[in-house]
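Notes for the structure review
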Amino acid sequence: MLSLVRKRLLQLVIVVFILSIFTFGLMKLAPGDPVMSILNADEMMVTEANQANLRSDLGFDQPVYVQYGKWMHGLLKLDLGTSYMSGKPVWNEMMERLPITLQLTTGVLLVMFSISLPLGIISARYPRKWPDQISRILALIGASIPSFWLGLMLIYLFALKLQILPSNGMGSFAQMILPTFTLGFSLAAVYSRLIRAGLIECFSKDYIQAGRARGVKEWRILWVHAFRAALLPVITVFGLSMGSLLGGAVVIEILFSWPGLGSMAVDAIFNRDYPVIQGYVLLTGVFVVVVNLLVDLSYYLIDPRIKQGKEGSN
Amino acid sequence: MKKNSLLALLICLFIFAASGCSTENSNSDSEREKMSEKNKKVTMIFSFKTANLDPHTSFIPIRAGITETLLKLNDDSNIEGWLAEKWGTLDNTTWEFIIRDNVTFQDGDKLDAAGVKASIERSIAVNESLGESLKIQSIEADGQNLTITTTGPYPALPSELLNPYTSIVNTAAELEMGQEEFRDSPVGTGPFIVKKFTSNQEVQVVKNGSYWAGEPKINEATIKFNEDANVRALAFQAKEADVVYNLPAEGIEAIEKDKELKVESVPGLRSHFILFNQQSSKVADVKVREALNLLINRKSIADDIMLGHAIPANGPFNSNLPFGSDDAVKKLDVNKAKLLLGEAGYKENADGKMEKEGKALKLELITYNARPELPLIAQLFQSDCAKAGVEIIIKTVENADAHLVANKDWDMSTYSNNTSPRGDGSYFLNTAFTETGALNVGGINLPEMNEVIKELNKTSDLDTRIQLTKDAATIIDKEVLHSYAVYPNIIVGVNDRIIDWVPTAEEYYILTHTMDVK
Amino acid sequence: MTISVDFTQPLTNDYVKEETFFQSLPLLEIKNLSISSLGENKKEDIKLVKNINFTIKSGEMLGIVGESGSGKSLTACALVGLLPKSLKVTEGQIKLHGRELLNLSEKEMRRLRGNEIAYIFQNYQGSFTPFIKIGNQLIEALRSHRKISKLDAKKKVLIWLERVKLPANQVFTSYPYQLSGGQLQRAALAAALMFQPFLIVADEPTTALDVLTSENILDLLVELQKEYNCAVLLISHNLNHVLKRTDSIAVMYGGQIVERGLTNEIRKNPIHPYTKLLLQARPVLSRVVPEKLVVIPGEPGLVAEQGCAFALRCPKSFKKCSILPKMQSVGDSQWVACHAADLEADYTNASS
């Protein structure tokens with residue numbers, strides 16, 4: 001297992017390196033640069049000379065690979081650079097935003113599991129009965145509705161019409177409800193069907209019958225025997241979606257005024273704040289690889305038949 | 001069964017949370033009523049967020065009433081003294097300011113010329129482009145007398161001192177509390193003091209009891225930031241905020257149904273217009289530009305695209321301003337346009353298209369989505385041009401400035417600028433019409449215009465300045481350097497409980513000491 | 001008669017294990033049992049097990065033999081209430097110590113499974129959950145029926161693993177995939193015997209194992225069964241296994257029991273044509289290889305819709321076989337359902 005971790009960490013370095021080159025290249029290819037934004041050209045008297053000076057100060061007149069090399073040089077000294085717009089170190093910017101994104105992510109996961117688990121389990125236990133039908137319809141709705149529409153509708157309903165929840169902002173528990181539910185609902189829709197499918201497949205396995213034949217209590221059959229195996233596909237999808245969740249759910253962040261990593265990234269992209277964009281890509285890259293590593297390790301915990309590299313057979 | 005009890009638990013949790021919030025709300029409602037005699041509170045929502053409250057890099061501190069500048073714009077868009085009681089110059093190079101005597105910073109330190117000097121020096125150090133705008137060579141301070149020497153004759157200095165980035169702050173306080181803290185909690189001279197700032201989310205302020213112009217009527221205020229227009233509208237309707245800036249025009253009808261809510265549509269200082277690529281041969285002929293100018297349906301843009309929340313434009317500056325143009329607004333005139341094109345050598349061919357030397361007139365118009373009305377204006381223009389036989393090809397780009405500078409094959413572009421942010425036309429004329437100006441993406445370089453601008457830069461007499469500005473506008477009109485479409489209004493939602501306050505066009509002085517609630 | 005040594009507290013159900021008291025009553029009574037598959041609207045579709053009757057006495061080993069599709073496995077499933085959802089018991093009674101099992105609630109059935117009736121599966125890999133250690137699964141089974149601590153349960157499990165001749169500690173900490181087929185079936189045996197159930201249902205327990213291991217497992221089963229006086233229902237299509245070890249035997253074809261009785265009697269004197277053919281069809285190793293092996297005519301699975309299920313393949317079938325033959329007794333301990341046999345019997349009677 002340790003060699004798996006080592007292998008993955010090496011992969012992490014390679015993936016992140018390639019990501020950074022790719023992003024840097026794409027960004028430099030895209031037209032525009034941060035100079036106009038930094039100088040507030042739409043408010044202040046700025047001349048072309050000002051712009052040219054700033055460009056050369058920032059090193060934009062040098063070839064792309066030189067600029068990349070400079071950034072990489074800084075990175076190796078563990079310095080991610082400073083944001084053009086705020087003048088703050090990129091690391092500080094990201095660390096300021098990270099707790100907010102984490103809070104959102106945690107809330108979303110809580111909502112997601114608390115909806116999808118019961119729904120998935122009930123659908124699997126009583127397939128084709130009314131709970132199953134309802135979960136199917138909900139899954140379809142959840143997968144089809146765009147999150148910004150759902151968010152606006154929920155704000156309209158709960159903040160304006162019913163006046164029981166605040167429309168935006170963060171800090172209080174009440175302010176957590178709408179954003180986490182908006183995102184959590186669409187995810188829950190997908191997960192409930194995954195859990196249902198996994199469980200139904202498990203229930204048909206011989207060893208479940210064997211457990212029942214030994215008189216093991218039904219709830220144990222569900223939670224200890226069936227659920228664990230059903231978890232495998234769920235955890236796989238979970239790993240994939242965690243990466244994007246940690247990257248920040250941009251739409252929700254803007255709608256509800258949660259200044260997390262997602263809105264930081266969007267602002268940086270619009271303003272061509274290269275150091276921040278690079279830092280963000282790095283961070284998300286690390287998240288995704290680490291999360292997927294944890295997922296792979298958890299496979300081993302859930303089903304010891306799966307050893308590194310080999311697939312488990314049911 | 002386990003899952004049912006889990007579901008039940010969740011439902012209970014949700015109800016508990018929801019009821020907790022509603023009691024919170026109802027508590028604060030009754031609280032508000034009780035405290036209304038003692039504690040007047042206002043909530044606002046702005047459409048831009050800020051990561052810190054440094055007054056020299058953000059407009060929020062002045063808007064929140066935390067800081068003030070030496071000079072301010074009054075309701076007639078004229079410059080008047082604020083922290084500076086009087087000011088004057090003899091040669092437009094040496095400027096004397098008398099700093100008001102009874103002003104203290106919010107931490108008690110007295111405001112004197114030395115403090116102003118330190119603050120201005122800080123602002124130039126912190127803000128990249130401020131130095132260029134102020135053109136200050138040296139500052140001297142003596143008691144309440146401040147002397148600023150500019151690098152050359154610079155009549156525009158007073159209007160540049162209106163810039164929020166020149167807000168006067170207590171640099172001594174910054175030394176004491178450290179730069180990090182100061183940026184989140186600046187010490188200014190304004191009627192409201194920072195109570196709590198949450199980066200990119202909101203700022204809470206309380207009144208400055210010893211404000212020099214009189215005790216503020218409001219006790220405290222919370223200003224929140226939200227970038228989504230729909231959410232701002234919903235929050236306004238849900239009475240979560242008393243004043244909300246930049247409401248979406250489509251939502252106004254629904255809002256106005258509520259008797260407690262008012263929507264102010266304030267004429268703004270911005271212009272939406274079309275600019276021309278001076279290097280393009282197709283629009284090089286002034287007659288062609290004149291024709292195109294007549295194909296802009298300004299009324300329709302104002303009424304249909306902007307839903308009535310705009311004024312048709314007759315020049316670069318809003319007609320309400322003292323230096324705005326008095327000319328009539330050009331109406332849509334397809335026939336006259338065709339005539340003008342004929343004078344430029346175009347004939348209508350069999351397909352109804354304007355043709356010259358065998359080539360139909362096809363023009364590329366750049367537009368962008370950052371301002372949603374611009375692509376719509378482009379489309380309207382396209383259809384009206386088609387009536388005159390001119391084909392317009394619309395190209396939408398992400399970053400207009402970058403595209404316009406990097407490419408040379410475009411002919412026209414929709415554009416939008418705040419043309420007179422500080423009550424003076426020289427900012428816009430200098431940056432958009434001179435060769436070195438950053439906003440001059442079309443490459444305008446007209447000797448006539450350059451002369452007028454140079455003259456304007458030397459003139460300090462207000463009336464002469466106004467006349468010169470109008471002259472510049474006349475030249476722009478004659479040469480059709482830009483085609484101005486509309487001046488969009490600023491749409492602000494104001495709850496009825498706010499009294500003694502209206503939103504103003506410059507969007508600098510928002511939270512004032514005179515604002516009151518019922 | 002050995003007295004079972006009880007390592008644990010007495011059972012908490014109503015029935016106390018006293019050998020003598022129950023010697024007179026049969027342990028298990030199957031009366032007129034029918035199992036059908038359900039078609040649309042949950043209505044009866046095809047009758048898969050047709051009105052079978054048999055009994056098992058305490059400590060008795062009954063073998064059920066038949067081809068695939070004869071309905072023997074279904075019968076076993078029905079005993080513990082684990083029929084798949086598409087099948088249902090449509091007629092008849094299953095009585096354990098006189099107690100009707102078909103009326104029990106799911107909760108009561110669960111208490112019964114493993115505890116009073118144990119089940120051993122054919123698919124040994126499917127007997128245990130692959131990602132939980134064997135020891136933990138056995139402890140879990142114990143704790144599902146008794147209130148004992150994990151430590152005590154562990155002790156008991158280790159003792160039983162020894163008893164089935166497994167290296168107890170090693171197997172306890174192993175995952176199912178780490179054990180061989182034989183070891184797994186032994187473990188399954190341990191799981192079955194742990195509670196000293198009244199009845200062990202062994203559904204083709206050795207079909208998937210090699211010959212040597214099969215013999216060992218079956219011998220073990222017989223040994224332990226006798227020691228703890230558990231009745232066993234041994235289902236197999238391997239006639240030799242059944243003939244060698246069982247006290248009684250029932251032969252099934254097409255969902256019907258065609259002959260049943262004491263194994264010794266049937267071995268010496270099979271009456272039903274199917275039974276006769278089965279016995280003849282066994283290749284015997286000690287004799288000279290015959291020219292042609294005996295084959296039961298017709299295709300396996302060919303089942304007559306009406307009357308005797310074997311009629312379509314029976315060399316002795318005649319017109320009357322389209323009516324279901326009744327189970328008649330032949331001697332004290334043998335029953336047969338066959339018109340042809342009746343005819344022969346009448347003939348023998350008449351001629352004697």
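Residues numbered from 1 in each chain as written. Chains lettered and ligands numbered in written order. Predicted model: local features only at pLDDT ≥ 70, side-chain atom pairs only at ≥ 80, totals over all residues. Heavy atoms only, no water.

Attention now goes to the overall build of chain B. Broken down by element type, chain B carries 17 helices and 23 strands. Over its C-alpha atoms chain B spans a radius of gyration of 26 Å, differing by no more than 12% from the 24 Å that the globule rule assigns to 518 residues. Dimensions of chain B, computed from the C-alpha atoms along their principal axes, are close to 80 × 75 × 40 Å. When each of the 518 residues of chain B is scored for burial, the buried share is 56%. When contacts within chain B are restricted to residue pairs at least 6 apart in sequence, long-range pairs at least 24 apart make up 68% of them. Here chain B has roughly 21,500 Å² of accessible surface; of this, 50% comes from carbon and sulfur atoms. In chain B, 54 positive and 76 negative side-chain charges are present, and the distance between their average locations comes to 5 Å. (Helix = DSSP H or I, 4+ residues; strand = E, 2+ residues; numbered from the N terminus. Rg over C-alpha atoms; globule rule 2.2 N^0.38 Å. Buried < 20%, exposed > 50% of the residue type's maximum accessible area, 1.4 Å probe, protein only. Contact = heavy atoms within 4.5 Å. Areas by Shrake-Rupley, 256 points an atom, 1.4 Å probe, with all protein chains shown as cover. Lys, Arg positive; Asp, Glu negative; His and termini not counted. Charge placed at Lys NZ, Arg CZ, Asp CG, Glu CD.)

Our next topic: the pattern of salt bridges. Residue and element names in this part refer to chain B. According to the stated counting rule, one finds 47 salt bridges over all chains in the structure shown. Across the salt bridge formed by Lys387 and Asp384, the nearest N and O atoms sit 3.0 Å from each other. Taken together, the positions of Lys387 and Asp384, both in helix H13 (residues 373-387) and three residues apart, correspond to about one turn of that helix. (Salt bridge = Lys/Arg side-chain N within 4 Å of Asp/Glu carboxyl O.)

Residues and elements named next belong to chain B. The geometry of helix H16 (residues 447-458) relative to helix H17 (residues 462-479) is characterised by a closest axis approach of 10 Å and an angle of 165° between their N-to-C directions. Accordingly, the angle class assigned to the pair H16 and H17 is roughly antiparallel. Between H16 and H17 lies a crossing whose hand is left-handed. Listed contacts from H17 to Glu448, Met449, Val452, Glu455 and Leu456 of H16 are Arg465, Leu468, Thr469, Asp471, Ala472, Ile475, Ile476 and Lys478. Taken together, the residues that form the contact of H16 with H17 break down as seven nonpolar, one polar and five charged. (Axes fitted to C-alpha atoms, helices over the stretch in contact; angles between N-to-C directions. Parallel < 35°, antiparallel > 145°, perpendicular 65-115°, else oblique. Left-handed = near helix turned anticlockwise from the far one by under 90°. Nonpolar A, V, L, I, M, F, W, Y, C, P; charged D, E, K, R; others polar.)

All right, on to the interface of chain C and chain A then. If you look at the interface, chain C gives 23 residues, while chain A gives 21 residues. For the pair chain C and chain A, the summed buried area comes to about 2,100 Å², and 59% of that belongs to carbon and sulfur atoms. Summed over the shared surface of chain C and chain A, the result is one salt bridge. For A:Arg220, the salt bridge is made with C:Glu140, and the minimal N-O distance between the two is 2.5 Å. Connecting chain C to chain A are 11 residue pairs in polar contact (both at pLDDT 80 or more). (Buried area = accessible area lost by both parts, 1.4 Å probe. Polar contact = N/O pair within 3.5 Å; in protein donor to acceptor, adjacent residues only side chain to side chain.)

As a further point, take the arrangement of the chains. For the two pairs of chains in contact, the largest share of contacts goes to chains A and B. These two, chain B and chain C, are apart from each other, with no contact and a minimum C-alpha gap of 13 Å.

All names here are of chain A. On the surface, a nonpolar cluster with roughly 560 Å² of combined accessible area is contributed by Leu10, Val13, Ile14, Phe17, Ile18 and Ile21. Within the element layout of this structure, Val13 appears in helix H1 (residues 2-29). Exposure remark for Val13: the relative accessible area of 54% places this residue in the exposed category. (Patch = residues over 30% accessible without salt bridge, like charges linked within 9 Å, V, L, I, M, F, W, Y side chains within 5 Å.)

A few words on the environment of A:Val64. Assignment of secondary structure puts A:Val64 in helix H4 (residues 64-76). Among residues more than four places away in sequence, those in contact with A:Val64 are A:Phe24 and A:Lys28.

Tallying the contact residues gives 57 residues for chain B and 53 residues for chain A. Around 4,700 Å² of area is buried between chain B and chain A when both sides are counted, 59% of it from carbon and sulfur atoms. Along the contact surface separating chain B from chain A lie two salt bridges. Residue A:Asp267 pairs with B:Lys49 through a salt bridge whose shortest N-O separation is 2.6 Å. The interface formed by chain B and chain A holds 10 residue pairs in polar contact (both at pLDDT 80 or more) in total. At the level of secondary structure, the elements contributing two or more residues to the side of chain B that touches chain A comprise helix H1 (2-35), helix H4 (130-134), helix H8 (229-237), helix H14 (400-406) and helix H15 (426-433) of chain B. Ranked by residues supplied to the side of chain B that touches chain A, first place goes to H1(B) with 12 residues. The residue inventory of the side of chain B that touches chain A, partitioned by class, reads 23 nonpolar, 20 polar and 14 charged.

A word on H13(B). All names here are of chain B. Here H13 spans 22 Å end to end across 15 residues, near enough to the 21 Å set by a 1.5 Å rise per residue. Glu373, Leu374, Pro375, Ile377, Ala378, Leu380, Phe381, Asp384 and Cys385 are the residues of H13 that are buried. The elements touched by buried residues of H13 are strand E13 (270-276), helix H10 (286-294), helix H11 (298-305), strand E18 (362-368), strand E19 (391-397) and strand E20 (412-418). Trailing H13 by a residue or two, Gly389 shows a phi angle of about 85°, which is positive. (Expected span 1.5 Å × (residues − 1).)

If you look at the biggest cluster of nonpolar residues, it comprises 206 residues, and the most contacted ones within it are B:Leu70, B:Leu292 and B:Phe433. In this structure B:Phe433 touches B:Phe428, B:Asn440, B:Ile444, B:Met449, B:Asn450, B:Ile453, B:Ile476, B:Leu481, B:His482 and B:Tyr484, once residues within four positions along its chain are discounted. Listed in part, the 65 residues of the second largest apolar core include C:Val65, C:Ala118, C:Ala191 and C:Cys321. (Core = buried A, V, L, I, M, F, W, Y, C linked by side-chain atoms within 4.5 Å.)

Time to look at the sheet that holds strand E15 (residues 347-348) of chain B. In spatial order, the strands read E15-E16-E17 (chain B); together these three strands make up an open sheet with antiparallel pairing. Strands at the two margins of the open sheet, each flanked by one partner only, are E15 and strand E17 (359-360) of chain B. (Pairing = 2+ DSSP bridges.)

This paragraph deals with the pairing of E18(B). The side chains of a regular strand alternate, residue by residue, between the two faces of the sheet. All names here are of chain B. Taking burial as the measure, the seven residues of E18 include six buried ones, the bulk of the element. The pairing of E18 with E19 spans seven bridges and is parallel. When the sheet's bridge partners are listed, Lys362 is paired in E19 with Glu391. Traced from E18 through H13 to E19, the parallel crossover comes out right-handed. Relative to E20, E18 runs parallel, the two being bridged by two bridges. Across the sheet, Ile366 pairs through a bridge with Ser413, a residue of E20. (Right-handed = clockwise from strand over helix to strand, strands pointing away.)

Moving on, we come to the confidence of the model for chain B. Taken as a whole, chain B shows an average pLDDT of 88; of its residues, 93% reach a score of 70 or greater. Counting contacts from residues 16-32 of chain B, a segment whose pLDDT is below 50, to residues more than four positions away or on other chains yields nine contacts. (pLDDT = per-residue confidence, 0-100.)

As a further point, take the sheet that holds strand E2 (residues 44-56) of chain C. Residue and element names in this part refer to chain C. Taken in spatial order, the four strands of this open sheet run E2-E1-E4-E5, and their pairing is antiparallel. With one partner strand each, in any of the chains shown, E2 and strand E5 (99-100) form the two edges of the open sheet. For strand E4 (residues 87-96) and E5, the ladder comprises two bridges, and the chain directions are antiparallel. Along E5, the bridge assignment pairs Leu96 with Arg99. Across the face of the sheet, helix H2 (residues 72-80) comes into contact with strand E1 (28-38), E2 and E4 while running at roughly 110° to E1.

Residue and element names in this part refer to chain C. The share of residues in chain C with pLDDT of 70 or more is 92%, and the mean pLDDT across the chain is 83. The element-level mean pLDDT for chain C is lowest in helix H1 (residues 19-22), coming to 45, with strand E3 (residues 61-65) highest at 92. Scoring the predicted complex yields pTM 0.78 and, for the interface, ipTM 0.84.

On the surface, A:Arg128, A:Lys129, C:Lys42, C:Lys85 and C:Lys88 cluster together into a positively charged patch. Note that C:Lys88 resides in strand E4.

To continue, consider the packing of helix H12 (residues 261-271) of chain A against helix H13 (residues 274-302) of chain A. All names here are of chain A. Across the interface, H12 lies against H13 with an axial gap of 9 Å and an inter-helix angle of 145°. Both H12 and H13 take part in a crossing whose hand is left-handed. Residues Leu261, Met264, Ala265, Ala268 and Ile269 of H12 touch H13, and the partners they reach there are Val276, Ile277, Tyr280, Leu283 and Phe287. Looking at the contact of H12 with H13, its residues break down into 10 nonpolar, no polar and no charged.

With that settled, the discussion passes to the domain arrangement of chain C. Residue and element names in this part refer to chain C. Per the domain assignment, the segments making up chain C are domain 1 (21-116 + 197-283 + 293-351) and domain 2 (128-196). Spacing between the C-alpha centres of domain 1 and domain 2 amounts to 30 Å. Taken together, the contacts link 20 residues of domain 1 with 16 residues of domain 2. Approximately 1,500 Å² of surface area, both sides summed, lies buried where domain 1 meets domain 2, with 64% of it carried by carbon and sulfur atoms. Its largest share of buried area at the contact with domain 2, domain 1 owes to Leu220, Leu224 and Tyr228, together 32% of the area lost on that side. Of all the secondary-structure elements, those providing two or more residues to the side of domain 1 that touches domain 2 are helix H3 (106-112) and helix H8 (211-228). Top contributing element to the side of domain 1 that touches domain 2 by residue count: H8, with nine residues. (Domains from an automatic or database assignment.)

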